[in-house]
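This is what each chain is made of:
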Amino acid sequence: MHSVGGWVALAAVLCIGPRTGRFTHGKPPTAFPSGNLPLAMLGALFMILGWFGFNGGSTLAVTEQIPGIIANTVLGAVGGILSGMLMGLRTRRYADVMYAINGAIAGLVAVTASAHVISLSAAFGLGAVGGVLMVLTSEWLLSKHIDDAVSAIPSHLVAGIWGTLALPWVADLSLLESGLSRSAQFGVQLIGVVVCGIWSFGSAWLLFRVTRRFLPIRVSPEAEKMGLNLAEHGANNELNQLLEHMRQHERQGDMRQRIEADPFTEVGEIAASYNRVTAALERAVGHTRVMLRNLRDGVITWQADGTLTSLNPGAEQLFEVNAAQLIGQPVSTLLPARSLTPGARHEIKRRNADMQVRYLEIQVSEGASGSVSERSGMVRDITERKQLQEQLNRERDLARTTLASIGDGVITCDASGNVTFINAEAKRLTGWTLEEALDKPISLVYQLLEEASKEPMSNPARQVLTQLTPVHSTEHCLLVNRDHTHTPIQHSASPIRSRSGITLGAVVVFQDVSLTRQLTEQLSYQVSHDNLTDLLNRRAFESALTALLNRDEGYHVLCYLDLDQFKIVNDTCGHLAGDELLRQVALKLKDHVRSSDIAARLGGDEFALLLPDCGIERALSIAEALRCDIEQFRFAWQGHTFGIGVSIGLVELNTAQPMQLSQALHASDAACYAAKEAGRNRIHCYQPDDHSLLEKHGELQWVQRLQNGLDNDTFRLYAQPIVAVCAAGPGYREILLRLEERAEIIAPGSFLPAAERYHFMVRIDRWVIRNTLAWLGDQNRHATLPPHSLWGINLSGESLSDADFCQDLIAQVAMAGLPHGTLCFEITESTAIAQLSRVGELIVTLKEYGCRFALDDFGTGLSSFSYLKQLPVDYLKIDGHFIRNVDQDPIDRAMVEAIHAVGKALGIATIAEFVEHQTTLDTLRHMGIDYAQGYLLGRPEPLTHMPGHRIKVMPR
């Protein structure tokens, strides 16, 4: 009987499906509480008592078996209760009372089939196993999302099958009176279970499937949500009435209504409490409405879909609108193009009716979900605060930008000596960031040591705060970095005073002089040494010679050397070969002198030796060994081999015949001249005078000026037009460089030679590339760059020799993303020929990004014609020396025509430089030159002054 009910229940559960909300993906099953737990327990007790009659009455007679049957029934229920409770505690970690109730049912069902033929212990065991199977089956059903609301399947079906199949193994066969063995009896029981399951489940399944096609076997979702007692049986109670009143209040939104409350019931107490809450809420809402009406700030509310629901008078005044006209409109009507998500804060700039600018701030908050004010915004007038803030920001930014942009380190502290500001240079020198140094004692951040003794020095800021007078240091000291390194600096400190003269703190300004020292040492070495041979130069040699001439004793010798046949090497193979020859001669010179001797290169192919404390005989021996070594030396260069000689003049220096510096040099030069006149490659002591030129030192002053120009961004970009003469396409503009110092613009001819000599060209080219691309990118983004606009940028030979520069150039051009045909890089002819393969690779790579190339100063070496086939350039810029007199000099005209003819044959456009007269331009037009550049056609002008371009400040 129980199995039949269980099979039918299983078919019904599978056809009807789980209750709404019972199973949610990713979450444990939802537990629906019982209607009334005490009544459920009482029902379980009555069920056990009723089971006495069910099992006891199965004998259909009052016999001696009835007490045993009742006892077995009780023990089966007890075993099911205990095992269900314990098993539920194990699986769910808490004691589930419903498992106890269902365990009692499972135990009763399990023992029913055999209550009259088993012992008391067997009855308890059957019930206990039935309770365990009930729990396991319940959990398995939940895992498979099978919703058995009354646990009929685990309590009746599974427990019934268990009791049926267990009977042959626990029953007293003599009492069973079937005449079968236990295994035979088990077979009979098993057949009964299978037949019953197939018949019961199958017929019920078909019945439910057919029935639901014509009649609904599941209630509607509304009825399911309400509950069957209310939906189908019409049951009602005070709680339902209370809930219905609350729903009416929710729909009407009228908090003035009250609910009748019976003070003698629990529901009545709840209703009374609800009335008190609504009364308090009504008072709070009224108070809030008064506040909102009188609030100067604006408050607006809207629904989640953006529909405006309310504006207080403050909002009407701030936005100058009428609330009645806006309510029901989208909130974007009032606040266009704003992301009004909860927590967002926006500043709104508006003009009122008087055209005055007002600033409003709105803070968006999230209200009650589903209410008329799901979103709210608090609006404030922040005009005065904004104006004050902008003024303070301007003053602060001006001060900070000034302090951050200067090359000196700056640290400020308050009157207590605690740090309040530290700029970028001070951060670099001290190792302290502003966040780390803030409110720290300045003596901890700014520590000084004496340079000589390494002893700690008093802090200048502390001195200022104590003495209230500025401190200026004229000597260098060492600044201790946070990583314990030392940096030589110069520093000064001054008090910071208020308008009334009160000392508010101190400021320390210091400069890193390590680079200056390094440059000084480098310049000192360069001033005293020859860059090519690493020997002393003429000035240093003269200083050493003067010191030797001022000595009161000893015999010394001055040797003057001049290479023979050097000009042949220089003219045949070029200056590179000549420079290499001079270096090798200098090495031989060092090999033949003593450690106390002084060797120098006086200029060109002229050298000198100073042999202190050396007699003339010993000097002659040294000079002869050196002459023989140079005579036997063979210089090889690119398949050519040269032999050279050296003419040496000797002058003996002693106190018996004192000489001045000029006299000694005159004598040594005259001796060398005599050696040359005598047939070269000789040694002589007497020669006529010849003056050598001192090396130019004017370029040295440019080192610091160029460094300052790069550090302080004082270079400026100019542009000069290149105009089409006979070409069909438009010309382009060449980017030129200038240096601004003290409002004076300095031409590149003044500083580029020094930049090339002291290796500043790579850094200068990087500056030009970075700023030009930034300017062009800005013009392109704002659509102020004319279409088909081409801009030329010069690249130096030193930069093209730097592999890192070439890689950075390619990366910056790719990152700029300018339209193809925007950039044209100009390379000098000598640089292109000297680095043919590297330049060729760079041209090919940059042409993939739409760049063009021009060969500058073309024609200075006609041997370059043979290289044009290997360089895919777009323009040839003819050197200006051929252009200046092209209308007068037939040779210059022939050279220009030859270059133009070669360019036309290779498909390369020609550009004439230095076009300054109309006659020159007419001649070039007659010759068919494609483009021209010069003062006649346009002078260089700053990029910031160019018409039609938006930028007013040089890009940094």
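Residues numbered from 1 in each chain as written. Predicted model: local features only at pLDDT ≥ 70, side-chain atom pairs only at ≥ 80, totals over all residues. Heavy atoms only, no water.

Visitor: Give a description of the overall build of the protein that names residues and reports values.
Guide: Across its full length, the protein holds 35 helices and 29 strands. For a compact globule of 956 residues, the expected C-alpha radius of gyration is about 30 Å, and the protein comes in at 53 Å, more than 25% above that figure. Considered along the principal axes of its C-alpha atoms, the protein spans approximately 165 × 85 × 75 Å. In the protein, buried positions account for 42% of the 956 residues. Contacts in the protein between residues at least 24 apart in sequence constitute 62% of all its contacts with a sequence separation of at least 6. When the accessible surface of the protein is summed, it comes to about 50800 Å², and 56% of that surface belongs to carbon and sulfur atoms. Each charge class in the protein was averaged separately, 83 positive and 102 negative side chains, and the resulting centres sit 8 Å apart. (Helix = DSSP H or I, 4+ residues; strand = E, 2+ residues; numbered from the N terminus. Rg over C-alpha atoms; globule rule 2.2 N^0.38 Å. Buried < 20%, exposed > 50% of the residue type's maximum accessible area, 1.4 Å probe, protein only. Contact = heavy atoms within 4.5 Å. Areas by Shrake-Rupley, 256 points an atom, 1.4 Å probe, with all protein chains shown as cover. Lys, Arg positive; Asp, Glu negative; His and termini not counted. Charge placed at Lys NZ, Arg CZ, Asp CG, Glu CD.)

Visitor: So, the sheet that holds strand 3 (residues 345-351): which residues are in play, and what are the values?
Guide: The strand order across the open sheet built from five strands is 2-1-5-4-3, with neighbouring strands paired in antiparallel fashion. Each end of this open sheet is capped by a strand with a single partner; those strands are strand 2 (308-311) and strand 3. Strand after strand, the sheet turns through a mean of 25 degrees between neighbouring axes, direction not considered. (Pairing = 2+ DSSP bridges. Axes fitted to C-alpha atoms, helices over the stretch in contact; angles between N-to-C directions.)

Visitor: Which residues make up the side chain of T430, and what values do they have?
Guide: Relative to the helices and strands, T430 resides in helix 16 (residues 424-430). Among the residues examined, T430 registers a relative accessible area of 0% and is labelled buried. Polar side-chain contacts of T430 include one of 2.7 Å to the backbone oxygen of A426. Within polar-contact distance, the side chain of T430 engages the backbone nitrogen of W432 at 3.3 Å. (Polar contact = N/O pair within 3.5 Å; in protein donor to acceptor, adjacent residues only side chain to side chain.)

Visitor: So, the side chain of S668: which residues are in play, and what are the values?
Guide: With respect to the helices, strands and loops of the structure, S668 is situated in helix 25 (residues 661-677). Residue classification places S668 among the buried positions, given a relative accessible area of 0%. Side-chain polar atoms of S668 contact the backbone oxygen of L665, separated by 2.9 Å. Dropping the residues within four chain positions of it, S668 is found in contact with L558, Y560, G649 and V651.

Visitor: An account of the confidence of the model for the protein is needed here, citing residue identities and associated values.
Guide: Overall, the prediction assigns the protein a mean pLDDT of 82, with 91% of residues at 70 or greater. Per-element averaging of pLDDT across the protein places helix 10 (residues 228-231) at the bottom with 56 and strand 28 (residues 931-932) at the top with 95. Taken together, the stretch residues 687-698 has pLDDT below 50 and engages in 32 contacts with residues farther than four places along the chain or on a different chain. (pLDDT = per-residue confidence, 0-100.)

Visitor: Let's hear about the sheet that holds strand 15 (residues 606-611): which residues, and what values?
Guide: Taken together, five strands build an open sheet; the order of strands is 14-15-13-18-19 and the sheet is mixed. The outermost strands of the open sheet, each flanked by one partner alone, are strand 14 (598-603) and strand 19 (683-684). Two elements, strand 14 and strand 15, share five bridges in a ladder whose sense is antiparallel. Bridge pairing in strand 15 places G603 opposite E606. Helix-sheet contacts for helix 24 (residues 616-632) involve strand 13 (555-564), strand 15, strand 18 (645-654) and strand 19, and the interaxial angle to strand 18 is about 165 degrees.

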